[in-house]
Amino acid sequence: MELQSPLTWTYHFPLLLKSSANLFQDIEVNNRKVKVRDRTGVFKDTEWRHLRVGDIVKVEKDEFFPADLLLLSSSYEDGICYVETMNLDGETNLKLKQAPEVTSFLNEESTFQNFKCIVKCEDPNANLYTFVGSIEFEDQQYPLSPQQLLLRDSKLRNTDYIYGAVIFTGHDTKVMQNSTDPPSKRSKIEKKMDRIIYFLFFVLFVMAFVGSIFFGIWTREDLQNGKMKRWYLRPDDSTIYFDPKRAPVAAVLHFLTALMLFSYFIPISLYVSIEIVKVLQSIFINQDIHMYYEETDKPANARTSNLNEELGQVNTILSDKTGTLTCNSMEFIKCSIAGTAYGRGVTEVERAMARRKGSPLIHQNINAVNNNDDVGEFRSKTKGFNFNDERITSGKWVNEPNADIIQKFLRLLAICHTAIPEVDENTGEVSYEAESPDEAAFVIAARELGFEFYKRTQTSVSLHELDPVSGEKVERLYKLLDVLEFNSSRKRMSVIVRDEEGKLLLLCKGADSVMFERLSKDNKEFEEETRNHVNEYADAGLRTLILAYRELNEEEYIEFNKKFDEAKNSVSADRENIIDEVAEKIERNLTLLGATAVEDKLQIGVPECIDKLAQAGIKIWVLTGDKMETAINIGFACSLLRQGMKQIVINLESQDIKALEKMGDKAAISKASKQSVLRQITEGKAQIASSRRSSNASALIIDGKSLEYALEDDLKNMFLQLAIGCASVICCRSSPKQKALVTKLVKTGTGKVTLAIGDGANDVGMLQEADIGVGISGVEGMQAVMSSDVAIAQFQYLERLLLVHGHWCYRRISSMICYFFYKNIAFGFTLFLYEAYASFSGQPAYNDWYMSLYNVFFTSLPAIAMGVFDQDVSARFCLKFPLLYQEGIQNVLFSWLRILGWMLNGILSAIIIFFFSIKSVEHQAFNSDGKTVGLDILGAMMYTCVVWVVNCQMALSISYFTLIQHIFIWGGVALWYLFLLAYGSLSTSISTTAYKIFVEALAPAPSFWVVTLLVVIASLIPYFSYNAIQMRFFPMYHGMIQWIRHEGWAEDPEYCNMVRQRSIRPTTVGFTARVAARGIRNKDRGNNHA
């Protein structure tokens, strides 16, 4: 019981420390100062906590915004400013914000003297990327959008100052609305450990209850006819506890005493020890040099230590594609203009296809391109531009038959975007801050091909264009009238500009699924060729966009602009839909120009990593928003798919459904689509059943529309059964919500550990829903990282994270917990046995301080060292034999059988210690003086045996000794003897039964040392025998690998293959499976010829 006070302090002190740190941090933030206009019109420094809605503030360069502000003006004449939003979404690229044109003239403090306006806007909400409102100034109403909103915790960059009006403060700001606690995640081992603790509590109550019954019966029968059976307890002179007349009350009191006495069965210190171990394990993960990415200076980062052991039990990985499997570093590589394909580059997917098909022609093309010195030089010179085609580079496009269309195509690339140019004052070179890598690649491509975007204002875009007549660069200015922004439902972006000749142009780029249907019926000259090129680009794993334009007349634009302004001025929650409807009407009858194709390359080491993970028995699902063709080809490139693998494709491209879509009957479409998905799932399950008999692997590929129906309540279990039966699963065109729903389905449906990995904001839901969320710190910002449990820089590091650190952490935590239960049961059960031996009198076998310090000083440190340092096999062998990871997937190291086995071992140790100790000193002299053993000597002897046995048991359990483990194990034993000497030297009022017990009684007696030695050997024999038999006849994976390493067979392919063949999960994806399948096909072909 003495432990409760320090444990309570141990638990509450970190919480108190954290609360205090948060409080001081809040005080520091709230006391920051910003210039605020007072009632006299003067700007004075004011603390953030005094800000009120409607205040006018002045924020200067490199300062944080104190609240959500409406941008009124800036140091730039056109009211623009640059904002860094790293604290919100982790993105390092600067965002361009623009003040309403009507207030942009307010760029001096004096101009705000009589400034008045009325702002109407939405209620506070958590959406960082939307803002609905309007500003009324001088009796005129003007729309507001996210472009005018400056969010709290963003920083002003590259701008001297801005003036803004406070819209939301404190907890109403969007960043505070987003500051909800992440979902609480606990590992399955921790949850199971809780159940074991409940079980031990039940055992504790049973032991106390049984002991109390016996105690009550014996107490009642203790005094009969004036004769006392247990005379030494003086039942004739007892108040309550041993009073035969009040035996029921005595039994109740004994029950309470027994609960306290047997509480050592419950390893209270286990929770504290596990937290210490997990924090240290996380530090080792963070410090692993093999997971450090030098290019971005980013190491691995275990953002939570709760899930370390889960990393060793992952059954299914759900991965994003773009930025996760691929680099998300886009390179403009091909394009189709006026039905002509340009670009001679060969993508990685095309190389994989060439290898798959064995095409010599493609091999020759690859070699030709790879050996082209110009290409290599060009690639290294311009990031984002890997385009090589002499027909249109170096200004030669002017000689092409469709030079006018090429000019419009490149001009559209240079104008239709939201990128921000930055001109280097020393070199004059222009670089771009873009919202996405795709957009940056387009602007760079336009620049390299003669159309350099170099300046943007609120109302104009300026280019340096290559004049086809003179061949010289000329400056052109395009007045920017409207921007119809991209969103996930529109899948396109448009700008309306007026050129120097006064023409009104609508320039549009978007996904082929929405663009082809918007083309004018009279301007489809190149549609068929462009469609073919887009399909070819998708087959090559490229991301495509369609480019089109339209000339507008004045009347049409005036009518559109009126409706567009009304839609933007709407303050309703439905404003975005209204704007989309207005834009829909003008984005029609477009003239096709062509298509772009950018390559998002596979990250280094992705195929090798996937192969190792597949060998480890982990299933891999890919959830992507890309087209099905692109996703399939990426699947082939990274060996998730292979030749000969049956592809079960579920989509809604049947003629019947297309006919219904043309009719527009939504109810009929929904019903037919659901029936179609159900039919395809049923057929797929039948294919899986037949392929099992033939041992052929299958892959499931499903698109977003079908997935919507497959995730409905009545279909999702069937869909999951089908997916589980497949070797790999690819979900295409899936939305962020669908990614999260699929993750939830796999997690709850299988009951296994799921890991989600992604790099973008659209992956946040998936990461938070999975048991483990791994964020990749890529180029799409840090939102995924900030929502993740573990952050890494490259997908390839997942191999080491899981197969090495995951396996080690799982084994260490499992073994540590089992050992904790063992040592507490071994100790606690000796108390129970002595209690039974002493007729359940409530007398403890040990001194109070012995019991209090057992877990703190003598046995806990070796367990902590085991949890931090132990290795069954080295990192090299973890990677060489991925099947070792299957121990975690099967949870063999923390199964109920193993846990109960350790508990039984503890009971056996306690029985051996107790009876050997009792019998060895019973009915005989203990020392040369002829003295017999009392409770003090027996207790110290048994305790010495317990300390030796549990520490030697730890020494037998460890696979990898370090100096620290030697110090903790043998130091724990030595510390017990030192404590016995020091404690025994104190006065009897303090040391009580331990007074000089070691010096005067134990140490001089040879029987003490002999009994200790014999008891330790006898207690360890059961575990040693079991371990030897298991290693010899029923070895586990790590035992086999340890044996191979010990015998020096680690480099012998025969023995290594023999171990790999013991895998219970066949490897069905990865290049190892591909090679094996090819070998089987060749063998079958040879047998057929024979």
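Up top you'll find the structure we're talking about.
Cut-offs applied
Residues numbered from 1 in each chain as written. Predicted model: local features only at pLDDT ≥ 70, side-chain atom pairs only at ≥ 80, totals over all residues. Heavy atoms only, no water. Salt bridge = Lys/Arg side-chain N within 4 Å of Asp/Glu carboxyl O. Helix = DSSP H or I, 4+ residues; strand = E, 2+ residues; numbered from the N terminus. Buried < 20%, exposed > 50% of the residue type's maximum accessible area, 1.4 Å probe, protein only. Axes fitted to C-alpha atoms, helices over the stretch in contact; angles between N-to-C directions. Parallel < 35°, antiparallel > 145°, perpendicular 65-115°, else oblique. Left-handed = near helix turned anticlockwise from the far one by under 90°. Contact = heavy atoms within 4.5 Å. Phe/Tyr/Trp six-rings, centres within 6.5 Å; stacked < 30°, edge-to-face > 60°.

Brief notes about the pattern of salt bridges
Next, step 1: In the structure shown here, the tally under the stated rule is 42 salt bridges.
Next, step 2: Across the pair Asp-45 and Lys-35 runs a salt bridge whose closest N-O atoms are separated by 3.9 Å. One end of the pair, Asp-45, is in strand β2 (residues 43-47); the other, Lys-35, is in strand β1 (residues 33-37), with ten residues separating them in the sequence.
Next, step 3: Judged by its relative accessible area of 52%, Asp-45 falls in the exposed class.
Next, step 4: Residue classification places Lys-35 among the partly exposed residues on the basis of a relative accessible area of 27%.
Next, step 5: The partner of Asp-789 in a salt bridge is Lys-185, and the shortest N-O contact between them spans 2.8 Å. With Asp-789 in the loop between α24 (783-786) and β34 (790-792) and Lys-185 in the loop between α3 (174-177) and α4 (188-220), the pair connects residues that are 604 residues apart, well separated along the chain.

What about the packing of helix α26 (residues 848-858) against helix α31 (residues 935-957)?
Next, step 1: Where α26 meets α31, the closest approach of the two axes is 12 Å, and the angle between their N-to-C directions is 20 degrees. The orientation of α26 with respect to α31, classified from their angle, is roughly parallel. For α26 against α31, the interelement crossing comes out right-handed. Here Tyr-850, Met-851, Leu-853, Tyr-854 and Phe-858 of α26 lie close against α31, whose contacting residues are Ala-940, Tyr-943, Val-946, Val-947, Val-950 and Asn-951.

Focus: the packing of aromatic side chains
Within a pair of aromatic rings, the relevant descriptors are the distance that separates the centres and the angle that separates the planes.
Next, step 1: Under the counting rule described, the total for this entry stands at 49 aromatic pairs.
Next, step 2: Centre to centre, the rings of Tyr-943 and Trp-976 are 4.5 Å apart; their planes meet at 45 degrees, and the pair counts as tilted. Taken together, the residues Tyr-943 in helix α31 and Trp-976 in helix α32 (residues 963-984) connect sequence positions 33 residues apart.
Next, step 3: Residue Trp-976 is classed as buried on the basis of its relative accessible area, which comes to 0%.

Brief notes about helix α16 (residues 606-615)
Next, step 1: Where burial is concerned, most of α16 is hidden: eight out of the ten residues are buried.
Next, step 2: Of the residues making up α16, those classed as buried are Val-606, Pro-607, Cys-609, Ile-610, Asp-611, Leu-613, Ala-614 and Gln-615.
Next, step 3: Backbone geometry just after α16 places Gly-617 at a positive phi near 90 degrees.

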